[in-house]
Amino acid sequence: MSLHPPYSNTVKNTIVSFLKNKLPWIVRENKKPAEPSIKTRPARLGLALSCGGAKSLAHVGVLQVLEENNIPIHAIAGSSMGAYIGSLWATGHNAEQMLKLAAEMQDPTTMRKLADPVIPPIRGVFYGNKVKAQLARSIGASTFEELNRKLLVISANLDTYERIVFRSGSILDAVHASCAMPGIIVPVEINGMRCTDGGVVDPVPVGALSKFTEVDHVIAVSTIPTLEEIDTHLSASTTAEDDRQEEVQSWWQKAITQLGNKINPGAPGNIIDNLRRSLRASQIRMAHDSCLRADITIRPISRGSEWHQYHQFEQFIELGRQKTHEVLPDIQKLLTPKPINDDETTEKPLVGKRVA
């Protein structure tokens, strides 16, 4: 025997339908809207490598730590020696392979074999072609277009004073131009442009990464003394003394010492000496401004060492490792995935094909 009259379900359904029509907010409150799924992508990190000669081998130590901790680098930009190391990384060389290449360059005799003197030394002391050939043995005739990793190489146009951001064509030519130290290496002509050291216009190329790649964050690596140190008289005196010892003892100066100090352009107080010291003063200030624009700055600054002491590569690389470990937790925080918007684009406006 049924406990409910046969019409009870009909009455119940009628009441529910009435409530839905007259009191719709009750239904809305009971039904929670589904949360929209948020699409994300990995954060893209860029690495800006400074100039600095042998001291810039610290960049290899930085790359070692990043590789060991699976920190992905989306793009890399370099000036001078930073461009040299950046080109090796972008063409598929890992940090361990770079370490072996650095070991090959440690012998001063090997470095002297890379010297190709200009006679007479009017436009520079060396051509730099042998250093270019040394790089070619590692990366071949690679072009920017062939790379799976993004690379920017910085140089300066002596005729127009522009910063050149190489991102197409021959990587060898671009790095040769970026490493053409003023007064030491003859300027490199590329497509009618007289190019010289990238450290002249952009010693730590943070801005180039932000402008010409789709990176979300930039990590700067600077081997250049900080402005704060130079503004302290004692530190400034120490830096100047380091530079003085560096200039007096450098191998390229010894190669032309027989000229005598009065006509030797590299002797302390002479043309090249004054040029390098003036450039160093401006680089410190440019590097300071660039690093302010980076999300994180790694500073493997070596005191009491000289820019040409490639035989101390292990010391420089270890310093790079040490300074990177100090900021590793901050770098890992930059890896937080980024939301993808429907209208998101990864394209950035470019100025010309090569120059910016």
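Everything below is about the structure shown above.
Residues numbered from 1 in each chain as written. Predicted model: local features only at pLDDT ≥ 70, side-chain atom pairs only at ≥ 80, totals over all residues. Heavy atoms only, no water.

**Description of helix H7 (residues 129-139)**
Right, so step 1: Looking only at H7, the buried set comprises Gln-134, Leu-135 and Ile-139. Summarising the axial view, the buried residues of H7 lie within an arc of 125 degrees, below the 170-degree limit, and thus occupy one face.
Right, so step 2: Looking at the buried positions of H7, the neighbouring elements they touch are helix H4 (81-90) and helix H8 (171-178).
Right, so step 3: A positive backbone phi angle near 65 degrees is found at Gly-140, which sits one or two residues after H7. (Buried < 20%, exposed > 50% of the residue type's maximum accessible area, 1.4 Å probe, protein only. Helix = DSSP H or I, 4+ residues; strand = E, 2+ residues; numbered from the N terminus. Arc of directions from axis to C-beta. Contact = heavy atoms within 4.5 Å.)

**Some points on the packing of helix H3 (residues 58-68) against H4**
Right, so step 1: Where H3 contacts H4, the two axes come as close as 10 Å, and the packing angle between them is 35 degrees. The handedness of the crossing between H3 and H4 is right-handed. Along its contact with H3, which presents His-59, Val-60 and Leu-63, the element H4 presents Gly-82, Ile-85 and Trp-89.
Right, so step 2: When the residues that make up the contact of H3 with H4 are grouped by side-chain class, the tally is four nonpolar, two polar and no charged. (Axes fitted to C-alpha atoms, helices over the stretch in contact; angles between N-to-C directions. Left-handed = near helix turned anticlockwise from the far one by under 90°. Nonpolar A, V, L, I, M, F, W, Y, C, P; charged D, E, K, R; others polar.)

**Focus on unusual backbone geometry**
Right, so step 1: A cis amide bond, omega -5 degrees, links Ile-119 with the succeeding residue Pro-120.
Right, so step 2: Mapped onto the fold, Pro-120 is located in the loop between helix H6 (108-113) and H7.
Right, so step 3: A positive phi is found at Asn-70, a non-glycine position, where the angle reads about 55 degrees.
Right, so step 4: Summarising the element assignment, Asn-70 is placed in the loop between H3 and strand E3 (75-79).
Right, so step 5: For Asn-191, which is not glycine, the phi torsion reads 50 degrees and is therefore positive.
Right, so step 6: Its location among the elements puts Asn-191 in the loop between strand E6 (188-190) and strand E7 (193-196).

**Some words on the side chain of Ser-142**
Right, so step 1: Relative to the helices and strands, Ser-142 is located in the loop between H7 and strand E4 (150-157).
Right, so step 2: Residue Ser-142 is classed as buried on the basis of its relative accessible area of 13%.
Right, so step 3: A distance of 2.5 Å separates the side chain of Ser-142 from the backbone oxygen of Ile-139, its partner in a polar contact. (Polar contact = N/O pair within 3.5 Å; in protein donor to acceptor, adjacent residues only side chain to side chain.)

**As for the pattern of salt bridges**
Right, so step 1: According to the stated counting rule, one finds seven salt bridges in the structure shown.
Right, so step 2: Among the ionic pairs, Asp-173 bridges to Lys-132, the shortest N-O distance being 2.7 Å. Separated by 41 residues along the polypeptide, Asp-173 in helix H8 and Lys-132 in helix H7 bring together distant segments of the chain.
Right, so step 3: What makes Lys-132 partly exposed here is its relative accessible area of 24%. (Salt bridge = Lys/Arg side-chain N within 4 Å of Asp/Glu carboxyl O.)

**Side note on the nonpolar core**
Right, so step 1: Formed by 60 residues in total, the largest nonpolar core has its most connected members in Leu-47, Leu-57, Ile-85, Leu-151, Val-153, Phe-166 and Ile-331.
Right, so step 2: One finds Ala-48, Cys-51, Ile-154 and Leu-209 within the second-largest nonpolar core, a separate group that totals 22 residues. (Core = buried A, V, L, I, M, F, W, Y, C linked by side-chain atoms within 4.5 Å.)

**Section: the packing of aromatic side chains**
Right, so step 1: Within this structure, the stated rule accounts for zero aromatic pairs.
Right, so step 2: Sitting above the plane of the Trp-89 ring, Arg-149 keeps its charged end 4.5 Å from the centroid.
Right, so step 3: Over the ring of Phe-212 we find Arg-167; its NZ or CZ atom is 4.2 Å from the centre of that ring. (Phe/Tyr/Trp six-rings, centres within 6.5 Å; stacked < 30°, edge-to-face > 60°. Lys NZ or Arg CZ within 6 Å of the ring centre and 35° of its normal.)

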